[in-house]
Amino acid sequence: MNNAIKNPVYRKRLLAHRVGITMSVLAMGIGLAFLAWILGTLLYNGFGALAGTLFTNDTPAPGTPGGGLRNAIVGSLMMVGLSTLVSTPIGILAGIYLAEYGQNNKFAQITRFVTDIMLSAPSIVIGLFVYAIYVANVQHFSGYAGAIALSLIAIPVVVRTTDNMLQLVPASLLEAAYALGAPHWKVAMTVRLRAVKAGVVTGVLLAVARVAGETAPLLFTALNNQFYSHDMNAPLANLPVVIYQFAMSPYDDWRSLAWGGALLVTATVLLLNIVSRTMFAQKTPR
């Protein structure tokens, strides 16, 4: 060991190792410090806005004290719920197609490439796209347009998660099913998909968490509505846009509601991530 320490090559590698570990820990500490700062500020300001009226009153007029975010909460739930209903079956079926029939398929390769592009595409570009093809033609903002934009963001997440999870199924399990005479479609739906259902559900939950706080696409599609409304074919209130508008306002009451809304969105996304990593985690067989 003493001879190894005296070796200049070993000492150089040991120094590089220690420098790398130190820089990694330092970078992690800086990131965690900023994260704690952000979360601490959010909790400090957000808890002050939490009250019963936050969930029972609608957004107030400028300069009006009180009010809540009931209309924005309901509008967000409606749009995110509709986008989930649209994106989940499309994403899962597309993922099954890519995993089952897309090994040496040119169309599947193009689909994977486009899906990867959609995953990294700025959400504001998707909002502008929906504005151009839908809002500009019907000539009014609407909750349906917002749900379409959120669906386009969620679908690639579900597709890639489903495809990747299905690729993890052992080949021996599939061979056993084929040996019993099961057709290809039945193996895909009842054997392969069932084996990774927890991972697929996790992908759906992560997609919901991804779209829950999107603001940019909703500015061009659903916009906002000060009043309580269930009409999806009209401008619809939603938490991200209300937070954006209220945070930029000169009114203290509005800024307080913006902090409360930001805390609600953050807590929702955190809860979805916890659920996806715990309740639906794959259990290792004993």
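Model, not experiment: these values are computed from the prediction. (Residues numbered from 1 in each chain as written. Predicted model: local features only at pLDDT ≥ 70, side-chain atom pairs only at ≥ 80, totals over all residues. Heavy atoms only, no water.)

Caption draft 1: Quick peek at the UniProt feature "transmembrane region" (unreviewed entry) in the protein chain. According to UniProt, the feature "transmembrane region" (unreviewed entry) maps to residues 21-44, 72-98, 110-135, 141-159, 195-213 and 257-276 in the numbering used here. Annotated as residues 195-213, this span is 89% helix and 0% strand, and its ends, taken at the C-alpha atoms, are 31 Å apart. (UniProt positions renumbered as here; feature names shortened; annotations may be inferred. Helix = DSSP H or I, 4+ residues; strand = E, 2+ residues; numbered from the N terminus.)

Caption draft 2: Summary view of a nonpolar patch on the surface. A surface patch of nonpolar side chains, amounting to about 760 Å² of accessible area, comprises Leu 15, Val 19, Met 23, Leu 26, Ile 30, Phe 34 and Trp 37. Among the secondary structure elements, Leu 15 is positioned in helix α2 (residues 8-47). (Patch = residues over 30% accessible without salt bridge, like charges linked within 9 Å, V, L, I, M, F, W, Y side chains within 5 Å. Areas by Shrake-Rupley, 256 points an atom, 1.4 Å probe, with all protein chains shown as cover. Salt bridge = Lys/Arg side-chain N within 4 Å of Asp/Glu carboxyl O.)

Caption draft 3: How the structure looks around the domain arrangement of the protein chain. Under the domain assignment, the protein chain is made up of domain 1 (8-49) and domain 2 (55-280). If you average the C-alpha positions of domain 1 and of domain 2, the two centres end up 31 Å apart. Between domain 1 and domain 2, the residue contacts involve 7 residues of the former and 6 residues of the latter. Of the roughly 580 Å² buried where domain 1 meets domain 2, counting both sides, 83% is carbon and sulfur surface. For domain 1, the biggest contributors to the area lost against domain 2 are Leu 42, Asn 45 and Ala 49; these three give 67% of the whole. Counting across the domain 1 and domain 2 interface gives 0 salt bridges. The tally of links from domain 1 across to domain 2 stands at 0 residue pairs in polar contact (both at pLDDT 80 or more). Looking at side-chain class alone, the side of domain 1 that touches domain 2 contains 4 nonpolar, 3 polar and no charged residues. (Domains from an automatic or database assignment. Contact = heavy atoms within 4.5 Å. Buried area = accessible area lost by both parts, 1.4 Å probe. Polar contact = N/O pair within 3.5 Å; in protein donor to acceptor, adjacent residues only side chain to side chain. Nonpolar A, V, L, I, M, F, W, Y, C, P; charged D, E, K, R; others polar.)

Caption draft 4: Quick peek at the UniProt feature "domain: ABC transmembrane type-1" (unreviewed entry) in the protein chain. With numbering aligned to this structure, UniProt lists the feature "domain: ABC transmembrane type-1" (unreviewed entry) at residues 73-276. In residues 73-276, helix accounts for 78% and strand for 0%; the two terminal C-alpha atoms are 22 Å from one another.

Caption draft 5: View of the side chain of Ser 142. Summarising the element assignment, Ser 142 is placed in the loop between α6 (123-138) and α7 (143-167). When residues no more than four places from it in sequence are discounted, the contact partners of Ser 142 are Tyr 134, Thr 221, Ala 222, Met 232, Asn 233, Ala 234 and Pro 235.

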